[in-house]
Amino acid sequence: MDISNLDAVKIFLTTTASALAIKIISAIAFWIIGRWLISKVVAVMSATMNRNHVDPTLTKYLGSIVAVALNIALVLGILGYFGIQTTSFAALVAGAGVAIGAAWSGLLGNFAAGAFMLVLRPFKVGDFVSVGGVVGTVHELGLFGTTIVTPDNVLTLIGNGKIFGDTIQNFHALPVRRVERVAQLANGVDPLEAIARLRQAVAAIPNVASTPAPEVNLLDMKLEGPQIAVRPYTHTDHYWQVYFDTNEAIVRVCREAGWPTPALTQIHRVQPA
C-alpha cells in the first residue's frame, strides 16, 4: 500500500471517528435535553390541570401516559438521527409488543382495568377505601397498580386488575358512615333506662352526626343480660375517634349508673336418680 492510500485511510478513519463522536455526543445531549423538556411538559400540564381543579387521579394518570408517549418519541427521534429507519424499528417494536403482551397479559389486564377505573372513577386520590382486600387511603392511581396507605402506615401496591375484579368500597363517597358498637349489660339492668342514658351520652360525643341520629336499640338478650346496639354516625375522617369515644361513653355510663359487671350465668342440671 502506497503512502497516498495510507493517508486516505487515515483521513477516512479520522473523519468517520470524528463524525461518530459528534453524533454520540449529540445523541446524549438530545437525550438529556429531551428528558428535561418532557419533565417540564408534564409538570406544566399537571399544574394547569390542578389550577382548573381537575381530579388528581386523572391528572397523574394522564401525566404518566404523556410521559411514556414523549419518551418513546424521543427514542425514535434519536434513532432517526443515527440513520436508523424508524418505520422498521416501529414495526419491530409492534411485533415485540404483541409477543410481550401475550407473555405479560396480566400487566395489560392491569392497564385495561386502570383505564376503566379512570372512566368509571369509583374512587380518587385521598379517598378511604377497601379494594382488593386492602383497607386504606388512596395515595396514587398508576397505569398498572394503585398505591394504598393502610391505617398502620404501610405503603401497599395493588394491581388494578385485582381491584377492578373485586368488591370496591369507598368510605368517602357518602357524607357519613356508621360506627357499630355493642354494650353488654348485666342481668337486672333495665334496658330501657340504659338505652336512654347511652343515647344521651353518645349524642354528646364530638363529631357525631345529628342526621341521621345515633341508633341505640335493644339488640339481643343473652345469658349475661341484655345487649344494646350503639351505632352513631360520623364522617369517615373521624371514624376511629368516634369509635373509641363511644367505647369510653359506654364504660362511663355503666360506672356512673352503678350497674354491675355482666357475668355468665351457669345453669346446672341435675339428673334425677
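Only a predicted model underlies this, so the values are computations on that prediction, with no experimental measurement involved.

Engineer: Whenever I open this one, the overall build of the protein chain confuses me. Can you help?
Structural biologist: The number of helices and strands found in the protein chain is seven helices and ten strands. Evaluated residue by residue, the protein chain yields a buried proportion of 29% over its 273 residues. Considering only intrachain contacts with a sequence separation of at least 6, the fraction spanning at least 24 residues in the protein chain is 62%. Just so you have it, the protein chain exposes about 17,000 Å², and 65% of that area is on carbon and sulfur atoms.

Engineer: Looking at this model, I keep getting lost on unusual backbone geometry. Mind explaining?
Structural biologist: Both trends apply: most residues other than glycine have a negative phi, and most peptide bonds are in trans. Here the amide bond leading from T211 into P212 is cis, since omega sits at -5 degrees, within 30 degrees of zero. Its place among the elements puts P212 in the loop between α6 (191–203) and β8 (215–221). Look at N207: it is not a glycine, yet its phi comes out positive at around 70 degrees. Following the sequence through the fold, N207 ends up in the loop between α6 and β8. The class of N207 is partly exposed, set by a relative accessible area of 41%.

Engineer: Please clarify how the pairing of strand β1 (residues 128–131) should be interpreted in this entry.
Structural biologist: Looking down a regular strand, the side chains alternate between one sheet face and the other. Of the two faces of β1, the one holding F128 and S130 and the one holding V129 and V131 are both buried throughout. With four bridges connecting them, β1 and strand β2 (residues 134–141) associate as antiparallel partners. Residue pairing across strands places V131 opposite V134, the latter belonging to β2. Two successive antiparallel strands, β1 and β2, enclose a turn made up of two residues, where G132 displays a positive phi of approximately 55 degrees.

Engineer: Which parts of the structure should I look at to understand the pattern of salt bridges?
Structural biologist: A side chain with one charge can pair with a side chain of the opposite charge if their charged atoms come near. For the structure shown, the criterion picks out five salt bridges. Put simply, D127 and K124 hold a salt bridge, and the shortest N to O gap is 3.3 Å. Owing to a relative accessible area of 36%, K124 belongs among the partly exposed residues under this scheme. Two residues, R178 and E180, come together in a salt bridge whose shortest N-O distance is 2.6 Å. In this structure R178 comes out as partly exposed when scored by relative accessible area, which is 30%.

Engineer: What exactly am I supposed to notice about the sheet that holds strand β9 (residues 226–231) here?
Structural biologist: Paired through backbone hydrogen bonds, the strands of a sheet run either parallel or antiparallel to each other. Judged by pairing direction, the sheet is antiparallel, and its three strands sit side by side in the order β7-β9-β8 without closing on themselves. Two strands in the sheet have a free side with no partner beyond their single neighbour: β7 (181–184) and β8. Sheet twist, expressed as the average angle between the axes of neighbouring strands with direction ignored, equals 30 degrees. Pairing of β7 with β9, which is carried by four bridges, proceeds in the antiparallel orientation.

Engineer: Got a minute to help me understand the pairing of strand β3 (residues 145–149) in this structure?
Structural biologist: Counting buried residues along β3, four of its five residues qualify, which places the element largely inside the surrounding structure. Relative to β3, β2 is paired through four bridges, and the arrangement is antiparallel. Its bridge partner lying in β3, T137 is registered against V149. Once β2 ends, the chain turns through three residues before running back antiparallel as β3. Bridging between β3 and strand β4 (residues 155–159) involves five bridges; their strand directions are antiparallel.

Engineer: So what exactly am I meant to see when it comes to α6 here?
Structural biologist: An α-helix turns once per 3.6 residues; consequently, residues spaced three or four apart project the same way. The terminal C-alpha atoms of α6, which comprises 13 residues, lie 18 Å apart, in line with the 18 Å expected from a rise of 1.5 Å per residue. Taken as a whole, α6 has its buried residues at P191, A194, I195, L198, A201 and V202. One side of α6 carries all its buried residues, which in axial view fall inside an arc of 140 degrees. Exposed residues pointing more than 90 degrees away from the buried face of α6 are listed as L192 and Q200.

Engineer: Even after reading the chapter, I still don't get the environment of G161, so can you show me in this structure?
Structural biologist: Secondary-structure assignment places G161 in helix α5 (residues 160–164). Residue class for G161 comes out partly exposed when judged on its relative accessible area of 29%. C-alpha of G161 to C-alpha of G114: the two residues are 47 residues apart in sequence and 7.5 Å apart in space. Not counting residues up to four positions away in its chain, the partners in contact with G161 are G109, N110 and A113.

Engineer: When you look at the nonpolar core in this model, what are you seeing that I'm missing?
Structural biologist: In summary, soluble globular proteins display a tendency toward joint burial of nonpolar side chains. Of all hydrophobic cores here, the largest spans 23 residues; its most connected members are L185, L198, I228, V230 and W259. Every element with two or more residues in this core is listed here: α6, β9 and α7 (239–257). Broken down by element, this core gets its largest block of residues, seven residues, from α7. Residues within four places of W259 in sequence aside, it is in contact with L185, V189, E193, A194, R197, V253 and C254. F123, V134, V138 and I163 belong to the second-largest nonpolar core, a separate cluster that totals ten residues.

Rules and cut-offs
- Residues numbered from 1 in each chain as written.
- Predicted model: local features only at pLDDT ≥ 70, side-chain atom pairs only at ≥ 80, totals over all residues.
- Heavy atoms only, no water.
- Helix = DSSP H or I, 4+ residues; strand = E, 2+ residues; numbered from the N terminus.
- Buried < 20%, exposed > 50% of the residue type's maximum accessible area, 1.4 Å probe, protein only.
- Contact = heavy atoms within 4.5 Å.
- Areas by Shrake-Rupley, 256 points an atom, 1.4 Å probe, with all protein chains shown as cover.
- Pairing = 2+ DSSP bridges.
- Salt bridge = Lys/Arg side-chain N within 4 Å of Asp/Glu carboxyl O.
- Axes fitted to C-alpha atoms, helices over the stretch in contact; angles between N-to-C directions.
- Expected span 1.5 Å × (residues − 1).
- Arc of directions from axis to C-beta.
- Core = buried A, V, L, I, M, F, W, Y, C linked by side-chain atoms within 4.5 Å.

Keep in mind that these numbers describe shape and distance, not what the molecule does.
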